[in-house]
Amino acid sequence: KSITTAMLSTSYNQLGQSEFFNELLASIDVKSDLVINTYNSFIKTKNKGILIKLENELNKKLNLVAKRFNDLFFKDSSYTFKFDLESEKMYFAIFKDEQSLNLDRQSTGFKWFFNLYFNLLYGKKIMAGDIIIMDEPATNLHVLGQTELRKELKQFAIKNDITIVIATHSPFLIDLDYLDELR
């Protein structure tokens, strides 16, 4: 599922309908009820500190997500992600070198990897025994990105007890040390 800039914000009372936010919060072990309850406390007390405290806790966990994203996308990348909890809305922001980015205006390769990362690799939708079929993945990624993606997909498959089938023409998605994996 393609993630767009519009999906990177939601009102707290519509958090339950936001698939992106629910998956992201679940992936960092935060229940959406905690966020909703915090917003309800904020509304009752008008104490912005309640939102700031939760925002800091969420961003601390999100730093680990960004680190892994950078390691996989390109080792020396400097992308950061931040939650911004405003009084009415909740935002997920993307930065590169402290410059705010609009997801819809990024390269095809970046958007492809962002979608793969947040839909598959960082989500919790995959179950043991599942088979994932990918046709020409990573064609928009640079060579190092393709190599790192191959490694991550293999580790992900082993860790989650799934099978990933890839159709590719890219030699960088092939590990010559494991030719028995090729068909």
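Everything in this summary refers to the structure shown in the same document. (Residues numbered from 1 in each chain as written. Predicted model: local features only at pLDDT ≥ 70, side-chain atom pairs only at ≥ 80, totals over all residues. Heavy atoms only, no water.)

Side note on the overall build of the chain
Consideration 1: When helices and strands are counted, the chain shows five helices and six strands.
Consideration 2: Listed N to C, the secondary structure of the chain is β-α-α-α-β-β-β-α-β-α-β in terms of helices and strands.
Consideration 3: Within the span of the chain, comprising 183 residues, buried residues form 40% of the whole.
Consideration 4: Taking as baseline every contact in the chain between residues at least 6 positions apart, the subset at least 24 positions apart corresponds to 63%.
Consideration 5: Surface accessibility of the chain: about 10700 Å² in total, with carbon and sulfur atoms responsible for 52%.
Consideration 6: Side-chain charges in the chain split into 23 positive and 24 negative, and the spacing between the mean points of these groups amounts to 5 Å. (Helix = DSSP H or I, 4+ residues; strand = E, 2+ residues; numbered from the N terminus. Buried < 20%, exposed > 50% of the residue type's maximum accessible area, 1.4 Å probe, protein only. Contact = heavy atoms within 4.5 Å. Areas by Shrake-Rupley, 256 points an atom, 1.4 Å probe, with all protein chains shown as cover. Lys, Arg positive; Asp, Glu negative; His and termini not counted. Charge placed at Lys NZ, Arg CZ, Asp CG, Glu CD.)

Here's the deal with unusual backbone geometry
Consideration 1: Within the chain, aspartate 29 stands out as a residue other than glycine whose phi angle is a positive 60 degrees.
Consideration 2: Tracing the backbone shows aspartate 29 in the loop between helix 1 (19-27) and helix 2 (32-45).
Consideration 3: Within the chain, aspartate 97 stands out as a residue other than glycine whose phi angle is a positive 50 degrees.
Consideration 4: Here aspartate 97 is to be found in the loop between strand 3 (89-96) and strand 4 (99-101).

Side note on the pairing of strand 3
Consideration 1: Here three bridges tie strand 1 (residues 9-11) to strand 3, and the two strands are oriented antiparallel to one another. Paired with threonine 10 across the two strands is methionine 90, which belongs to strand 3.
Consideration 2: A loop of three residues connects strand 2 (residues 79-85) with strand 3, the two strands running antiparallel in sequence.
Consideration 3: In this structure, strand 3 lies alongside strand 4, joined through three bridges in antiparallel fashion. Its bridge partner being in strand 4, lysine 96 is matched across the sheet by glutamine 99.
Consideration 4: Linking two consecutive strands that pair antiparallel, namely strand 3 and strand 4, is a turn of two residues; a positive phi of about 50 degrees is found at aspartate 97 within it. (Pairing = 2+ DSSP bridges.)

Details of the side chain of asparagine 119
Consideration 1: Looking at the element boundaries, asparagine 119 is found in helix 4 (residues 108-121).
Consideration 2: Filtering out sequence-adjacent residues up to four positions away, asparagine 119 remains in contact with Lys1, Ile3 and Lys125.

Concerning the pattern of salt bridges
Consideration 1: Tallied over the entire structure, the rule returns four salt bridges.
Consideration 2: Across the pair arginine 68 and glutamate 152 runs a salt bridge whose closest N-O atoms are separated by 2.3 Å. Residue arginine 68 is located in helix 3 (residues 48-73), and its partner glutamate 152 is located in helix 5 (residues 143-160); the two are separated by 84 residues in the primary sequence.
Consideration 3: On the accessibility criterion, arginine 68 (26% relative accessible area) is partly exposed.
Consideration 4: Here glutamate 152 falls in the buried class, since its relative accessible area comes to 9%. (Salt bridge = Lys/Arg side-chain N within 4 Å of Asp/Glu carboxyl O.)

A look at the environment of glycine 129
Consideration 1: Its place among the elements puts glycine 129 in the loop between helix 4 and strand 5 (131-135).
Consideration 2: For glycine 129, a relative accessible area of 56% gives the class exposed.
Consideration 3: Sequence separation between glycine 129 and aspartate 161 is 32 residues, and the spatial gap between their C-alpha atoms is 6.0 Å.
Consideration 4: Once residues lying within four places of it in the same chain are set aside, the contact partners of glycine 129 are Asp161 and Ile162.

Thoughts on the nonpolar core
Consideration 1: Within the largest apolar cluster, 48 residues are counted, with the highest numbers of intra-cluster contacts made by Phe69, Phe81, Met90, Phe92, Phe114 and Phe118.
Consideration 2: Listing elements by their share of this core, those giving two or more residues are helix 1, helix 2, helix 3, strand 2, strand 3, helix 4, strand 5 and helix 5.
Consideration 3: For this core, the element with the highest residue contribution is helix 3, accounting for nine residues. (Core = buried A, V, L, I, M, F, W, Y, C linked by side-chain atoms within 4.5 Å.)

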